[in-house]
Amino acid sequence: MPSKRISVVVTRRLPEVVETRLKELFDVTLREDDTPMTREELVHAMQVADVLVPTVTDAIDAGLIGQAGNQLKLIANYGAGFDHIDVATARQRGILVSNTPGVVTDDTADMVLALMLGVTRRIQEGLAVMQTGEWQGYAPTAFLGGRLGGRRLGILGMGRIGQAVARRAAAFGMQIHYHNRHRLRPEVEEDLQATYWDSLDQMVARMDVISVNCPSTPSTFHLLNPRRLKLLKPSAVIVNTSRGEVVDENALTRMLKAGEIAGAGLDVYEHGIKGNPELRNMPNVVMLPHMGSATVEGRIEMGEKVIINVKTFADGHRPPDQVLPGML
Ligand SMILES: NC(=O)C1=CN([C@@H]2O[C@H](COP(=O)(O)OP(=O)(O)OC[C@H]3O[C@@H](n4cnc5c(N)ncnc54)[C@H](O)[C@@H]3O)[C@@H](O)[C@H]2O)C=CC1
Ligand SMILES: O=C(O)C(=O)CO
């Protein structure tokens with residue numbers, strides 16, 4: 001089918017340059033207001049489109065896929081994580097799914113370091129006194145944080161983002177440790193100067209900072225559960241830019257309140273988009289609104305990836321970033 005005739009529905013506003021290119025290439029329906037589609041709107045989109053371009057804000061579950069029209073052949077996700085799409089059900093219906101890996105890696109890894117520094121160097125508290133005008137002037141003993149250099153970083157999920165975090169953290173003088181579903185090849189491990197822990201429990205118990213970088217899947221749900229969180233040193237800091245579901249947020253909140261964990265840097269949340277409300281007023285918690293990959297450059301590159309996936313599919317080939325159920 002010539003790509004011009006492919007009907008594409010996009011669920012959210014995308015950068016203008018991406019929307020313009022989509023219009024040039026396809027018969028595209030763009031979102032006018034930048035709110036997530038309602039379930040009814042998603043059902044309609046999936047009944048009229050050959051290709052749906054959703055984002056992480058759209059839960060494309062089995063119920064929705066069951067109502068998709070027979071012409072829906074590709075779900076080309078605008079984002080790397082695809083835990084919000086029931087890939088197995090889509091596959092059963094003969095619908096391909098693709099994502100946008102790689103182009104989000106550096107930006108998200110940068111934000112991991114920003115969160116680590118934000119928590120360990122007490123940036124939140126510094127910002128607050130400047131914003132309220134309460135600062136009384138320099139004092140040698142005020143706002144003392146901890147140095148990242150020399151600390152042990154445990155990366156949970158050593159894929160693209162995990163490895164990019166490792167490289168950045170090494171430049172800050174941190175010691176790199178990781179737990180991953182599969183051990184890295186020896187040459188990659190050596191290049192990253194990373195120590196592998198087969199046992200997540202053992203790694204967690206020995207780290208100063210944990211960075212969560214695995215996807216959200218049934219096997220990673222609450223990987224950091226209350227029992228594992230209790231293994232952390234009281235001086236440890238957790239940074240989560242992956243998905244909220246990997247960390248038991250209520251247990252994390254309780255432990256932060258009790259001083260059993262030193263701090264947390266969070267970009268993603270388990271309980272709604274805003275996370276547990278009790279996290280909000282803690283000086284040792286830095287909360288961001290899911291902006292790990294939010295750069296102008298990254299968002300355009302994500303759009304380019306979507307376009308390549310849709311165009312390749314429209315030209316009769318497999319989308320280069322096709323994801324399969326087993327990949328989770
Ligand atoms: N905050 C943000 O804006 C962004 C968040 N993300 C999140 O980051 C996640 C990771 O992205 P990438 O690094 O590109 O993915 P990736 O697939 O390259 O890496 C994920 C790693 O986690 C490992 N893993 C999977 N299950 C595991 C388990 N049970 N135990 C230990 N390790 C496990 C995999 O083996 C892989 O090495 C995405 O799935 C997404 O949820 C991605 C981009 C932006
Ligand atoms: O790509 C993703 O998975 C995100 O969370 C947003 O970029």
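All residue numbers here refer to positions counted from 1 along the written sequence of the relevant chain. Key to labels: chains lettered from A, ligands numbered from 1, both in the order written. Totals for whole chains, interfaces and linings use all residues, but because this is a predicted model, local features are given only for residues with pLDDT of at least 70 and pairs of side-chain atoms are given and counted only at 80 or more. Side-chain measures here rest on the full set of heavy atoms in the structure, leaving out hydrogens and waters.

A few words on the layout of surface pockets. Put simply, the second largest pocket is a space of about 200 Å³. Grid points spaced at 1 Å and placed over the protein atoms alone form the basis of the search, with a cavity being a set where a 1.4 Å probe fits but cannot get out and a pocket an open set showing protein on both sides within 12 Å along at least five of seven lines. Lining residues have an atom within 4 Å of a point. As for the second largest pocket, its lining consists of 14 residues, and the residues nearest its centre are Val119, Thr120, Arg122, Ala262 and Asn284. The residue makeup of the lining of the second largest pocket, split by class, is five nonpolar, six polar and three charged. Grid points are joined across faces, edges and corners, and a volume is the space filled by probe spheres set on the points. Ten residue types, Ala, Val, Leu, Ile, Met, Phe, Trp, Tyr, Cys and Pro, are classed as nonpolar, four, Asp, Glu, Lys and Arg, as charged, and the remainder, Gly among them, as polar.

Let us look at the sheet that holds strand 5 (residues 96-98). The strand order 2-1-3-4-5-13 describes an open sheet built from six strands, whose pairing is mixed. The open sheet terminates on both sides in strands that have one partner only, identified here as strand 2 (27-29) and strand 13 (322-323). Residues are treated as being in contact if the distance between any of their heavy atoms lies within 4.5 Å. The convention used is that axes are lines fitted to C-alpha atoms, helices contributing only their stretch in contact, and that angles between N-to-C directions extend from 0 to 180 degrees. Counting from the N terminus, the helices are DSSP H or I runs at least four residues long and the strands are E runs at least two residues long. Packed onto the sheet, helix 12 (residues 296-314) meets strand 1 (7-10), strand 3 (51-53), strand 4 (74-76) and strand 5 and runs at close to 165° relative to strand 4. For two strands to count as paired, DSSP must find a minimum of two bridges between them.

Let's shift gears to the site of ligand 1. We define proximity as follows: a residue is near a molecule or strand when any one of its heavy atoms falls within 4 Å of that partner. The local shell around ligand 1 holds 23 residues, among which Arg160, Ile161, Asn180, Thr241 and Asp267 are the closest. Any pair of N or O atoms that falls within 3.5 Å is considered a polar contact. Within protein, one atom must be able to donate a hydrogen and the other to accept it, and sequence-neighbouring residues count only if both atoms are side-chain atoms. One of the backbone N or O atoms of glycine 159 is found 3.3 Å from an oxygen atom in ligand 1. Contacts to ligand 1 include arginine 243, whose side-chain N or O atom sits 3.3 Å from an oxygen atom. The protein chains hide 89% of the 860 Å² of surface that ligand 1 would expose on its own. Its residues placed into classes, the shell around ligand 1 shows five nonpolar, 14 polar and four charged. Residue burial considers only the protein chains on display, and all accessible areas are found by Shrake-Rupley using a 1.4 Å probe.

Geometry only, nothing functional implied.
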